[in-house]
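Notes for the structure review
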Amino acid sequence: MRGRGDRLAALVAERGLERMLVTDLVNVRYLTGFGGTNGACVCGEGVRLLLTDFRYTERAEAEVEEWEVVTVRDDWLGGIAERLSGKTGFEDDHMSVRTLRRLEDKLTDGASLEPAAGTVERLRRVKDDGELAAIAAAAELADDVWRWSLERGFAGRTERDVARAAEARIRELGAEPSFPAIVAAGPNGALPHAEPGEREIGSSELVVFDMGAKLDGYCSDGTRTFAVGEPGERAREVYETVREAQAAALDAVAAGVGGEQLDGVARKVIDAAGHGDRFGHGLGHGVGLEVHEAPRVSPRSEDVLGAGEVVTIEPGVYVPGAFGVRIEDLVVVGEGGARNLSGLPKELQLVD
């Protein structure tokens, strides 16, 4: 966490603000290391305050360095307001209108609140070595759970059973699922965010298996599509199209590449195969403390990738009523390419 307050203070000054109020708990944790469920930060030139309540004072003092821990008693918003001055940025994408109005009513000494959404998220995009190590460890753990799941087999089991077993295994290994696992077989695979149900996985079906682990606060995200027995020529053709699209996109990942441009690399391959209308989501997204964060990799993205960012590369083709295919890797963006954190093979694997 060292130095993050200084980096935020520099951004605050760059935006013509005197202070920044941070209320999103993920951003609070990123800046200070505090993991409690009630906290806020006030940051500016010479100001580094972590505000919490009596329940978390001792925890905050143990977890937080470089920030002064302040215990607010009774009036939470009043305690925040009295520590704001001048033009203060706030996270308008995380604060309700009602809370904003109540906070403004308590401001004194000419303080004012200015929308400053995305300020901390801008810092979070580039991961330091510790963050990259945590994400890599989460991805490796998830890979182990996929291998364990394959050993148990899919045929005759319900989607829900496979998903719940994988989530339980993640917990047994000391992590938490970074999101509810998706296990979608046969026609359910055509639903990009299908929810695992009681449908039994049958023979000759493709199974989309999307899963991630959260370890030491950091997330992983990945997807593989497997076949239970021989899936047939049509399914194999689509699978190879998606694999080719993903390989092309992985080769194109580098600092300075635009999210829209990168998305287009994969989309061009899928379009050429005649499946363009069956790839309806973006190519990827950032991953870190949250499983979905900046930057975005999509046809509408205005983001440009930077070295040290972590993004998914996950093209898919979804054939209604038949099957779906998605292949997703987690990669670290570098100056001259990408470092892939996903270790599972991508040749179509046939499982029992």
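Attention in this report is confined to the structure presented alongside it.

1. Digging into the sheet that holds strand β3 (residues 47-52)
In space, the six strands of this open sheet follow the order β4-β3-β2-β1-β5-β6, with mixed pairing throughout. In the strand order of this sheet, the two ends are held by β4 (68-71) and β6 (112-115), each with one partner. Looking at each pair of strands side by side, their axes are set apart by 25° on average, direction ignored. For strand β1 (residues 19-22) and strand β2 (residues 40-44), the ladder comprises four bridges, and the chain directions are antiparallel. If you follow leucine 21 over to β2, its bridge partner there is valine 42.

2. Here we look at helix α10 (residues 259-272)
Across its 14 residues, α10 extends 20 Å between first and last C-alpha, which sits within 8% of the 20 Å expected from 1.5 Å per residue. Considering bend angle alone, the principal kink of α10 is centred on alanine 266 and spans about 30°. The set of residues buried in α10 consists of Gly259, Leu262, Asp263, Ala266, Arg267, Val269 and Ile270. Residues of α10 that are buried in the fold lie against α9 (233-252), β14 (293-297), β15 (310-313) and β16 (316-319). Of the residues one or two after α10, glycine 274 is the one with positive phi, at around 85°.

3. Details of the side chain of glutamate 131
Note on placement: glutamate 131 falls in helix α7 (residues 129-152). Apart from residues lying up to four places away in sequence, glutamate 131 is in contact with Arg4, Tyr30, Val126 and Tyr218.

4. Regarding the nonpolar core
Core analysis: the biggest nonpolar cluster contains 35 residues, and Leu8, Val22, Leu31 and Leu50 have the highest contact counts within it. Sorting the residues of this core by element identifies α1 (4-14), β1, α2 (25-32), β2, α6 (119-124), α7, β11 (218-219) and β18 (329-333) as the ones contributing at least two each. Once residues lying within four places of it in the same chain are set aside, the contact partners of leucine 8 are Met20, Val22, Leu31, Cys43, Thr119, Val120 and Leu123. One finds Leu206, Ala245, Val319 and Val333 within the second-largest nonpolar core, a separate group that totals 30 residues.

5. Comments concerning the packing of α9 against α10
Put simply, α9 and α10 touch, their axes get as near as 8 Å, and they point 155° apart. The angle between the axes of α9 and α10 places the two elements in the roughly antiparallel class. Crossing angle aside, the handedness with which α9 passes α10 is right-handed. Side by side, α9 and α10 meet where Thr241, Glu244, Ala245, Ala248, Ala249 and Ala252 of the first sit next to Leu262, Val265, Ala266, Val269 and Ile270 of the second. Looking at side-chain class alone, the contact of α9 with α10 contains nine nonpolar, one polar and one charged residues.

6. A look at the pattern of salt bridges
The tally for this structure, following the rule as stated, stands at 29 salt bridges. Of the charged contacts in the structure, one is a salt bridge between lysine 127 and glutamate 293, with a shortest N-O distance of 2.7 Å. Here lysine 127 is found in the loop between α6 and α7, whereas its partner glutamate 293 is found in strand β14, with 166 residues between them in sequence. With relative accessibility at 6%, the residue lysine 127 sits in the buried group. Residue glutamate 293 is classed as buried on the basis of its relative accessible area, which comes to 7%. In this structure, aspartate 263 engages arginine 267 in a salt bridge whose closest nitrogen and oxygen atoms are separated by 2.7 Å.

7. Concerning the pairing of β15
Side-chain alternation along β15 places Val310 and Thr312 on one buried face and Val311 and Ile313 on a second face that is also buried. Inspection of the sheet shows β15 paired to β18 by four bridges, in the antiparallel sense. By the bridge assignment for β18, valine 311 is matched with valine 331.

8. Let's talk about the environment of valine 265
Relative to the helices and strands, valine 265 resides in helix α10. In this structure, the C-alpha to C-alpha distance between valine 265 and serine 220, residues 45 residues apart in sequence, is 23 Å. Setting aside its immediate chain neighbours within four residues, valine 265 contacts Ala248, Ala249 and Ala252.

9. Some points on the packing of aromatic side chains
Applying the stated criterion across every chain, the model contains four aromatic pairs. Look at phenylalanine 154 and phenylalanine 226: their rings are 5.9 Å apart centre to centre, the planes differ by 65°, and that puts the pair in the edge-to-face class. One end of the pair, phenylalanine 154, is in the loop between α7 and α8 (159-172); the other, phenylalanine 226, is in strand β12 (residues 222-228), and 72 residues separate them in sequence. With respect to class, phenylalanine 154 is no different from phenylalanine 226; both count as buried. Ring pairing ties together the aromatic residues Trp146, Phe154, Phe209 and Phe226, which thus form one cluster. Positioned above the aromatic ring of phenylalanine 279 is the side chain of arginine 267, whose terminal nitrogen or guanidinium carbon lies 3.9 Å from the ring centre.

What counts as what
- Numbering of residues begins from 1 in every chain and follows the order in which that chain's sequence is written.
- Only residues with pLDDT of 70 or above have their local features reported here, since the model is predicted, and side-chain atom pairs are shown and tallied only from 80 upward, although totals for entire chains, interfaces and linings are computed over all residues.
- For side-chain calculations, the full set of non-hydrogen atoms in the structure is used, while hydrogens and water are omitted.
- We treat two strands as partners when DSSP finds at least two bridges between them.
- Counting from the N terminus, the helices are the DSSP runs of H or I reaching at least four residues and the strands are the DSSP runs of E reaching at least two.
- Note on definitions: angles span 0 to 180 degrees between N-to-C directions of axes, and those axes are lines fitted to C-alpha atoms, for helices only across the stretch in contact.
- Each helix should span, by expectation, one fewer than its residue count multiplied by 1.5 Å.
- The term bend refers to the angle at a residue between two fitted axes, each drawn through seven residues, those ending there and those starting there.
- Categorising residues by exposure relies on relative accessible area from a 1.4 Å probe, with only protein chains included: less than 20% of the type maximum marks a residue as buried, more than 50% marks it as exposed, and the intermediate range marks it as partly exposed.
- Any two residues having at least one pair of non-hydrogen atoms within 4.5 Å are treated as being in contact.
- Within this scheme, the nonpolar core is defined by two criteria: the residues are buried Ala, Val, Leu, Ile, Met, Phe, Trp, Tyr or Cys, and they are joined through side-chain atoms within 4.5 Å.
- Reported orientations rely on four angle classes, namely roughly parallel under 35 degrees, roughly antiparallel over 145, roughly perpendicular from 65 to 115, and oblique for the rest.
- It is the rotation of the near helix from the far one that decides the hand of a crossing: anticlockwise by less than a right angle makes it left-handed, clockwise makes it right-handed.
- Following the grouping adopted for this structure description, the nonpolar residues are Ala, Val, Leu, Ile, Met, Phe, Trp, Tyr, Cys and Pro, the charged ones are Asp, Glu, Lys and Arg, and the polar ones are all others, Gly among them.
- The salt bridge definition used is simple: a Lys or Arg side-chain nitrogen within 4 Å of an Asp or Glu carboxyl oxygen.
- Two aromatic rings from Phe, Tyr or Trp, using only the six-membered ring of Trp, form a pair when their centres are within 6.5 Å; if the ring planes differ by under 30 degrees the pair is stacked, by over 60 it is edge-to-face, and anything between is tilted.
- A ring is scored as having a charge over it whenever the NZ atom of a lysine or the CZ atom of an arginine sits within 6 Å of its centre and within 35 degrees of its normal.

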